[in-house]
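Residues per chain are reported as follows:
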Amino acid sequence: GWPPPPDGILIERSTLASLKLKVGDKVKVIGFDGKPTQLTVTGSVHDQSLALAGQEAGVGYIQSNTLPLLGKPPALDQLVITVADGPGLEVPSRDRETIVRTALRLVDRLKAMPGIAIKQVAVPTPYEHPHQAISYSVLSALSAFGLLSLILSSILIATMFNGLLTQQIPQIGMMKAIGARSSRILQLYLILVLLVSVLATALAFVPGMVLGRTLAQMVLSSALNIDVTSLSIPWWVLGTVILAGVFVPLLIALPPLLRASRRTVREALDERGVAEQQRRITIGLFSWLGRLDRIDRTLLAAFRNLFRRQARLFLSVGLLATGGAIFVSGFNVMAGFQAIPYTIYNEQRWDVEIRLAEPASSSELTAIVEKVSGVSRVETWNIITTSIQNAGEINVTRTYPDQGHGSLGLSAIPPATSMLIPPQITEGRWLDPDDIDTVVLPPSIRQIMPDVKVGDSIQLSLEDRPTIWRVIGITGGMGGSCPCVTQKGFEQASGRQDQANVVRIITDQHDKDARAAIGQAVVQALTEAGIKHQEPRSIDAMVESTEGHSVILVGVILLIAATIGIVGLIGLGSTMSINVIERTREFGVMKAIGASGSTIQRLVVFEGIFIAAVSCVVAVIPALALTWAMGAGLGNLFLSTPIPLEVSMQGIVIWIVVVILGAVLATLAPASQASRLTVREALAYL
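Just so it is clear, the structure is predicted and the values come from calculations on it, not from any experiment. (Residues numbered from 1 in each chain as written. Predicted model: local features only at pLDDT ≥ 70, side-chain atom pairs only at ≥ 80, totals over all residues. Heavy atoms only, no water.)

K.L.:
I would appreciate a short explanation of the pairing of strand 13 (residues 457–462) in the present structure.
P.N.:
Regular strands have side chains that alternate between both faces of the sheet. Buried residues dominate strand 13, accounting for five of its six residues. Pairing of strand 13 with strand 14 (residues 465–475), which is carried by six bridges, proceeds in the antiparallel orientation. Residue pairing in the sheet places Leu 460 in a bridge with Thr 467 of strand 14. (Buried < 20%, exposed > 50% of the residue type's maximum accessible area, 1.4 Å probe, protein only. Helix = DSSP H or I, 4+ residues; strand = E, 2+ residues; numbered from the N terminus. Pairing = 2+ DSSP bridges.)

Rendered as structure tokens:
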């Protein structure tokens, strides 16, 4: 219940689970004076506006009478308001500009009251969760892969019906010879396609609903910390799925059906199952290969057979190449997200960071920390929360109530620092040590000020004071520690000389346990010196937080990539089965002139392997293009910058191995069956 007693605390549900606590346990809370205070967990809270504790800091709730135990007077320091679009309305506004204007009018009134100072006006994006970008990224990935899956399935449908019609063209000619009209033949096959599509849609409907609801629960609970209250599906969604499942196959199958039904009797009965003409370059290639002595004749025959049905070859290769491109690009995007933590390691070269409650002497901090065993290098930094506005405007941030999401940290870069590798600069240049009034901005600035460019002047809040800076550069990639200014410029703007609020150290051992132990030793030394500080944070914790934000999206991409691979292999199996059935009589002729069963079996298997190999080559450029497109789209939505372009050798190897093995398995069973046919059975096949 609320409020908890003065020595009690309510802990957010995910924090309770993360810390492995339960109601009634004791927990130590570091106070504002840096001293630990023991509080009793009297209950749990589910705050759906916060991220999960595993991804962010834990959250607890106390009453104001508990503040003295933590070294702070029992006075509240925030005023929280909701804003409607007009007088007399109760629904909170969705227009951030309306909220900002109302808040600033309130600020003007509060400033006129004695004893009140305004530190910050925070207006987050209305009706958005702090992790809204993550959920949008997941949904965008699902939508993109869903569209690509539809394209892949469409190619699969076209391949299957192309093979079916090719096999039945002589039967169509016979039906026409005894009086069947083209419209009746078309109607016959359209009914067949309709029955198949209705059955497929019905079979997919329930699994689709189950999977959709599972993904909804996963995204909402794992990314947004929100409990699902309703899993009902809108009727328009159901209608769209049914219409797409039933009529898309009809539309795709219609062109080959029209061509087959309009064939004359002579054309249909003259069907040979091979291309009427072959290009001279193809004939020349076969002639050249035939003159080579060391090439297996079965291998050469299998290669020639690929071009007998050129339309089917293009469809089969296109199907597998599309599946391979989507599969490999999914692994590439996943590798790009997984490379983000290593980007942090490459830019941030410190091991442990300790933020102070208030600035202290840089020389004193360095002298204290250097004496701690295991510390090999110390640097003092200044990192403060800021906001970016056009010059002359009042400081308004986008910080969420958790004081973390939406906030912006300004870093003052020490001269000759070895703990930060300058990030990639896409516009302008990096800072020079002698720069005074210049700033380098991160790529996320485009969300706040889309028109900002190098040379513009912007306003940064510096300890609640507006200061004017000139933009000299905009970073790419993750943006590093930006916005960044020089230490010299920060000292001039803030009026603080030889002071810092952050200590960064490099340890003599760079493993996770050593960093944690040395960080605690530094904290102990600062406490003994009477310097108030926060808990140490290692570079590992920073990387783990980043990985926690992307793990959901990576999992979704991996799941969909695997599904795409399965669809592609189904298409390969279907194509090869049709090829084998269609050539049953041919196999009989080969047996009649002395071909062995093993020769026929190898011939069919080699054809499948050739198709798979050609599809892998064709998929290279589409895979790279798709990787770039998805990386740019998801990266800009998720991180305000494209994710690193990575090529996953693991994904490439997996796809090549799977598609080759799939080709062998898809052709092995029908090839074995064909090799066991007698000459009489094969020649009697119609």
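K.L.:
Explanation requested: the packing of aromatic side chains in the structure shown.
P.N.:
The geometry of an aromatic ring pair is captured by the separation of the ring centres together with the interplanar angle, meaning the angle of the planes. The full count for this structure, using the stated rule, is two aromatic pairs. Here Phe 327 and Phe 331 contribute two aromatic rings whose centre-to-centre distance is 4.9 Å and whose plane-to-plane angle is 40 degrees, an arrangement assigned as tilted. Note that Phe 327 and Phe 331 are positioned in helix 9 (residues 310–347) at a spacing of four residues, about one turn of the helix. Taken individually, Phe 327 and Phe 331 each receive the classification buried, so the pair is uniform in this respect. Taking 5.3 Å as the distance between ring centres and 35 degrees as the angle between the ring planes, the aromatic pair formed by Phe 327 and Trp 655 counts as tilted. With Phe 327 in helix 9 and Trp 655 in helix 18 (residues 649–675), the pair connects residues that are 328 residues apart, well separated along the chain. Of the two residues, Phe 327 and Trp 655, neither departs from the other in class, the shared state being buried. Members of the aromatic cluster, each reached through a chain of ring pairs, are Phe 327, Phe 331 and Trp 655. In this structure, Lys 72 packs its charged tip against the face of Phe 32, placed 4.6 Å from the ring centre. When the ring centre of Tyr 127 is taken as reference, the NZ or CZ atom of Arg 94 above it lies at 3.8 Å. (Phe/Tyr/Trp six-rings, centres within 6.5 Å; stacked < 30°, edge-to-face > 60°. Lys NZ or Arg CZ within 6 Å of the ring centre and 35° of its normal.)

K.L.:
Help me understand the pattern of salt bridges in this model?
P.N.:
Two side chains that carry opposite charge are able to pair once their charged atoms sit near each other. Inspection of every chain in the model, using the stated rule, returns 11 salt bridges. For Arg 13, the salt bridge is made with Asp 227, and the minimal N-O distance between the two is 3.1 Å. With a gap of 214 residues between them, Arg 13 in helix 1 (residues 13–18) and Asp 227 in the loop between helix 4 (182–223) and helix 5 (235–261) connect regions that are remote in the sequence. Accessibility expressed as a relative area gives 37% for Arg 13, which makes it partly exposed. Across the salt bridge formed by Asp 432 and Arg 429, the nearest N and O atoms sit 3.3 Å from each other. We classify Arg 429 as partly exposed; its relative accessible area is 33%. Salt bridges linked by common partners bring Glu 353, Arg 355, Arg 504 and Arg 537 together as one network. (Salt bridge = Lys/Arg side-chain N within 4 Å of Asp/Glu carboxyl O.)

K.L.:
Before we go on, may I ask you to explain the packing of helix 10 (residues 362–370) against helix 13 (residues 512–528) in this structure?
P.N.:
What describes two packed helices is the angle between their axes and the distance between those same axes. Running from N to C, helix 10 and helix 13 cross one another at 125 degrees; their axes reach a closest spacing of 9 Å. Relative to helix 13, the element helix 10 lies oblique. Handedness of the helix 10/helix 13 crossing: right-handed. In contact with Leu 365, Ile 368 and Val 369 of helix 10, helix 13 contributes Val 522, Ala 525 and Leu 526. When its residues are assigned to classes, the contact of helix 10 with helix 13 shows six nonpolar, no polar and no charged. (Axes fitted to C-alpha atoms, helices over the stretch in contact; angles between N-to-C directions. Parallel < 35°, antiparallel > 145°, perpendicular 65-115°, else oblique. Left-handed = near helix turned anticlockwise from the far one by under 90°. Contact = heavy atoms within 4.5 Å. Nonpolar A, V, L, I, M, F, W, Y, C, P; charged D, E, K, R; others polar.)

K.L.:
I keep staring at the sheet that holds strand 3 (residues 36–45) and nothing clicks. Help me out?
P.N.:
Where strands meet in a sheet, backbone hydrogen bonds hold them as pairs that are either parallel or antiparallel. One open sheet holds the four strands; their spatial order is 2-3-1-4, and the pairing between them is mixed. Here the strands that pair on one side only, and so sit at the sheet edges, are strand 2 (26–30) and strand 4 (60–61). When strand 2 meets strand 3, the two strands line up antiparallel, connected through five bridges. In the sheet register, Ile 30 faces strand 3, and the bridge partner there is Pro 36.

K.L.:
Even after reading the chapter, I still don't get the side chain of Thr 486, so can you show me in this structure?
P.N.:
Residue position: Thr 486 is located in strand 15 (residues 484–486). Setting aside anything within four residues of it in sequence, one finds Thr 486 in contact with Ala 412, Ile 413, Leu 431, Asp 432, Pro 433, Asp 435 and Ile 436.

K.L.:
Help me out: how do you make sense of the pairing of strand 7 (residues 375–386) in this one?
P.N.:
Buried residues dominate strand 7, accounting for nine of its 12 residues. Pairing between strand 7 and strand 16 (residues 499–507): six bridges, direction antiparallel. When the sheet's bridge partners are listed, Arg 377 is paired in strand 16 with Ile 506. In this sheet, strand 10 (residues 408–413) lies alongside strand 7 in antiparallel orientation, the contact comprising five bridges. Paired with Ile 383 across the two strands is Ser 411, which belongs to strand 10.

Read these as geometric descriptors, not functional statements.
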